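So the chains spell out like this:
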Amino acid sequence: SDDLGRRPGGDRLDRPVMRPDDIARLVSIDEVRLSPDGELAAFTVSTIDLQANRSRRAIWLGPADGSVPPAPVTAGVDADGLPRFSPDGRRVLSGGWDRAAWLHDVGSGKALQKLEGHGDLVMCVGFTHDGRRALTASYDRTIRLWNLRP
(Lines give C-alpha, C1' and ligand atoms only; values in the text may rest on other atoms or scores of the structure.)
Protein backbone atom coordinates (compact mmCIF):
# COMPACT_ATOMS: atom_id res chain seq x y z
CA SER A 1 0.00 0.00 0.00
CA ASP A 2 1.18 3.52 -0.68
CA ASP A 3 0.32 6.86 0.89
CA LEU A 4 -1.47 8.10 -2.20
CA GLY A 5 -5.21 8.42 -1.84
CA ARG A 6 -7.88 7.57 -4.36
CA ARG A 7 -10.65 9.63 -5.87
CA PRO A 8 -14.23 8.33 -5.57
CA GLY A 9 -13.91 6.71 -9.03
CA GLY A 10 -10.79 4.83 -7.96
CA ASP A 11 -8.21 7.04 -9.71
CA ARG A 12 -5.07 7.70 -7.70
CA LEU A 13 -4.42 11.19 -6.36
CA ASP A 14 -1.14 12.94 -7.18
CA ARG A 15 -0.35 13.65 -3.57
CA PRO A 16 -0.40 11.78 -0.25
CA VAL A 17 -3.52 11.80 1.86
CA MET A 18 -3.41 13.82 5.08
CA ARG A 19 -3.82 11.61 8.13
CA PRO A 20 -4.76 12.59 11.75
CA ASP A 21 -1.11 12.50 12.85
CA ASP A 22 -0.28 14.93 10.04
CA ILE A 23 -2.94 17.32 11.32
CA ALA A 24 -1.52 17.10 14.84
CA ARG A 25 1.82 18.38 13.55
CA LEU A 26 0.29 21.48 11.98
CA VAL A 27 1.25 24.77 13.60
CA SER A 28 -0.02 28.12 12.45
CA ILE A 29 1.23 31.54 13.38
CA ASP A 30 -0.97 34.58 12.95
CA GLU A 31 -2.15 37.84 14.51
CA VAL A 32 1.39 39.25 14.46
CA ARG A 33 1.86 42.66 16.11
CA LEU A 34 4.97 44.79 16.55
CA SER A 35 5.65 46.76 19.71
CA PRO A 36 5.48 50.58 19.34
CA ASP A 37 9.29 50.78 19.16
CA GLY A 38 9.44 47.93 16.60
CA GLU A 39 11.72 45.82 18.81
CA LEU A 40 9.31 43.04 19.85
CA ALA A 41 6.80 40.86 18.07
CA ALA A 42 3.73 39.34 19.69
CA PHE A 43 1.86 36.62 17.82
CA THR A 44 -0.59 33.77 18.23
CA VAL A 45 0.57 30.16 17.81
CA SER A 46 -2.19 27.62 17.09
CA THR A 47 -1.73 23.86 17.39
CA ILE A 48 -3.92 20.76 17.44
CA ASP A 49 -4.04 18.45 20.47
CA LEU A 50 -5.40 15.12 19.21
CA GLN A 51 -5.42 13.58 22.70
CA ALA A 52 -7.76 16.30 24.00
CA ASN A 53 -9.54 16.62 20.63
CA ARG A 54 -9.16 20.40 20.57
CA SER A 55 -7.11 23.22 19.20
CA ARG A 56 -4.84 25.28 21.40
CA ARG A 57 -3.84 28.91 20.98
CA ALA A 58 -1.16 30.80 22.87
CA ILE A 59 0.44 34.25 22.76
CA TRP A 60 4.19 34.30 22.17
CA LEU A 61 6.65 37.20 22.48
CA GLY A 62 10.13 37.61 21.08
CA PRO A 63 12.55 40.08 19.54
CA ALA A 64 11.41 41.15 16.08
CA ASP A 65 14.91 40.55 14.71
CA GLY A 66 14.85 36.89 15.83
CA SER A 67 18.00 37.27 17.94
CA VAL A 68 16.44 35.28 20.81
CA PRO A 69 13.83 32.51 20.48
CA PRO A 70 10.29 33.66 21.34
CA ALA A 71 8.55 32.39 24.47
CA PRO A 72 4.88 31.84 25.37
CA VAL A 73 3.19 34.32 27.73
CA THR A 74 -0.28 32.81 27.80
CA ALA A 75 -2.32 32.71 31.00
CA GLY A 76 -5.72 31.73 29.60
CA VAL A 77 -7.13 28.26 29.10
CA ASP A 78 -5.40 27.17 25.87
CA ALA A 79 -7.23 29.73 23.78
CA ASP A 80 -5.53 33.11 23.87
CA GLY A 81 -5.16 35.27 20.80
CA LEU A 82 -5.46 38.84 19.53
CA PRO A 83 -2.24 40.25 21.04
CA ARG A 84 -2.11 44.05 21.33
CA PHE A 85 0.72 46.12 22.75
CA SER A 86 0.03 48.98 25.13
CA PRO A 87 1.01 52.43 23.78
CA ASP A 88 4.19 52.40 25.90
CA GLY A 89 5.04 48.84 24.76
CA ARG A 90 5.42 47.50 28.31
CA ARG A 91 2.27 45.35 28.36
CA VAL A 92 0.39 43.02 26.01
CA LEU A 93 -3.35 42.47 26.09
CA SER A 94 -4.95 39.32 24.70
CA GLY A 95 -8.45 37.90 24.42
CA GLY A 96 -9.63 34.36 24.41
CA TRP A 97 -12.18 31.64 24.26
CA ASP A 98 -12.29 31.56 28.06
CA ARG A 99 -14.48 34.71 28.01
CA ALA A 100 -11.66 36.80 29.46
CA ALA A 101 -8.89 39.15 28.41
CA TRP A 102 -5.43 38.97 29.93
CA LEU A 103 -2.89 41.72 30.54
CA HIS A 104 0.77 40.61 30.57
CA ASP A 105 4.01 42.33 31.45
CA VAL A 106 6.30 42.27 28.40
CA GLY A 107 9.52 42.11 30.43
CA SER A 108 8.62 39.17 32.66
CA GLY A 109 5.78 37.56 30.71
CA LYS A 110 3.74 37.46 33.94
CA ALA A 111 -0.02 37.89 33.90
CA LEU A 112 -0.82 41.23 35.54
CA GLN A 113 -4.59 41.27 35.35
CA LYS A 114 -7.49 39.10 34.20
CA LEU A 115 -10.43 41.01 32.74
CA GLU A 116 -13.48 38.80 33.09
CA GLY A 117 -17.18 39.44 32.79
CA HIS A 118 -18.12 38.64 29.20
CA GLY A 119 -20.67 35.91 28.58
CA ASP A 120 -18.97 34.53 25.46
CA LEU A 121 -15.68 34.51 23.54
CA VAL A 122 -13.62 37.71 23.59
CA MET A 123 -13.03 38.52 19.94
CA CYS A 124 -11.43 41.98 19.99
CA VAL A 125 -9.16 43.83 22.42
CA GLY A 126 -7.45 47.21 22.48
CA PHE A 127 -6.00 49.96 24.64
CA THR A 128 -7.04 53.57 25.04
CA HIS A 129 -4.45 56.06 23.77
CA ASP A 130 -3.02 56.60 27.28
CA GLY A 131 -2.84 52.86 28.08
CA ARG A 132 -4.80 53.21 31.33
CA ARG A 133 -7.89 51.41 30.09
CA ALA A 134 -8.68 48.51 27.79
CA LEU A 135 -11.61 47.79 25.51
CA THR A 136 -12.90 44.29 24.80
CA ALA A 137 -15.67 43.05 22.53
CA SER A 138 -17.32 39.67 22.73
CA TYR A 139 -19.66 37.35 20.85
CA ASP A 140 -22.09 38.14 23.69
CA ARG A 141 -22.66 41.43 21.76
CA THR A 142 -21.13 43.63 24.44
CA ILE A 143 -18.21 46.02 24.50
CA ARG A 144 -16.55 46.62 27.85
CA LEU A 145 -14.23 49.36 29.04
CA TRP A 146 -11.82 48.26 31.78
CA ASN A 147 -9.65 50.24 34.18
CA LEU A 148 -6.19 48.70 34.23
CA ARG A 149 -3.97 48.46 37.28
CA PRO A 150 -0.89 50.69 37.04
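Here we summarise the structure given alongside this text.

Parameters and conventions
Residues numbered from 1 in each chain as written. Predicted model: local features only at pLDDT ≥ 70, side-chain atom pairs only at ≥ 80, totals over all residues. Heavy atoms only, no water. Helix = DSSP H or I, 4+ residues; strand = E, 2+ residues; numbered from the N terminus. Buried < 20%, exposed > 50% of the residue type's maximum accessible area, 1.4 Å probe, protein only. Polar contact = N/O pair within 3.5 Å; in protein donor to acceptor, adjacent residues only side chain to side chain. Contact = heavy atoms within 4.5 Å. Pairing = 2+ DSSP bridges. Axes fitted to C-alpha atoms, helices over the stretch in contact; angles between N-to-C directions.

### Quick look at the side chain of His118
Inspection of the secondary structure puts His118 in the loop between strand E10 (111-116) and strand E11 (122-127). With relative accessibility at 6%, the residue His118 sits in the buried group. Reaching out from His118, the side chain makes a polar contact with the side chain of Asp140 at a distance of 3.3 Å. Engagement of the side chain of His118 in a polar contact is seen with the side chain of Thr142, the distance being 3.0 Å. Ignoring anything within four residues of it in the chain, the contact list for His118 reads Arg99, Thr136, Ala137, Ser138, Asp140, Thr142, Arg144 and Trp146.

### Re the sheet that holds strand E8 (residues 91-96)
The sheet built from four strands is open, its strands ordered E7-E8-E9-E10 with antiparallel pairing. One side of each edge strand has no neighbouring strand; the edge strands of this open sheet are strand E7 (80-85) and E10. Averaged over all pairs of adjacent strands, the angle between their axes in this sheet comes to 20 degrees, without regard to strand direction. Across five bridges, the pairing between E8 and strand E9 (residues 100-105) is antiparallel. Directly across from Gly95, in E9, lies its bridge partner Ala101.

### Focus on the sheet that holds strand E5 (residues 54-63)
Taken in spatial order, the four strands of this open sheet run E3-E4-E5-E6, and their pairing is antiparallel. Each edge of the open sheet is held by one strand with a lone partner, namely strand E3 (27-34) and strand E6 (71-72). When E5 meets E6, the two strands line up antiparallel, connected through two bridges. Looking at E6, one finds that Trp60 is bridged to Pro72.

### Points about the pairing of E9
Among the six residues in E9, five count as buried, and that is most of the element. Once E8 ends, the chain turns through three residues before running back antiparallel as E9, passing Arg99 with a positive phi of about 70 degrees. Alignment of E9 against E10, held across five bridges, turns out to be antiparallel. Looking at E10, one finds that His104 is bridged to Ala111.

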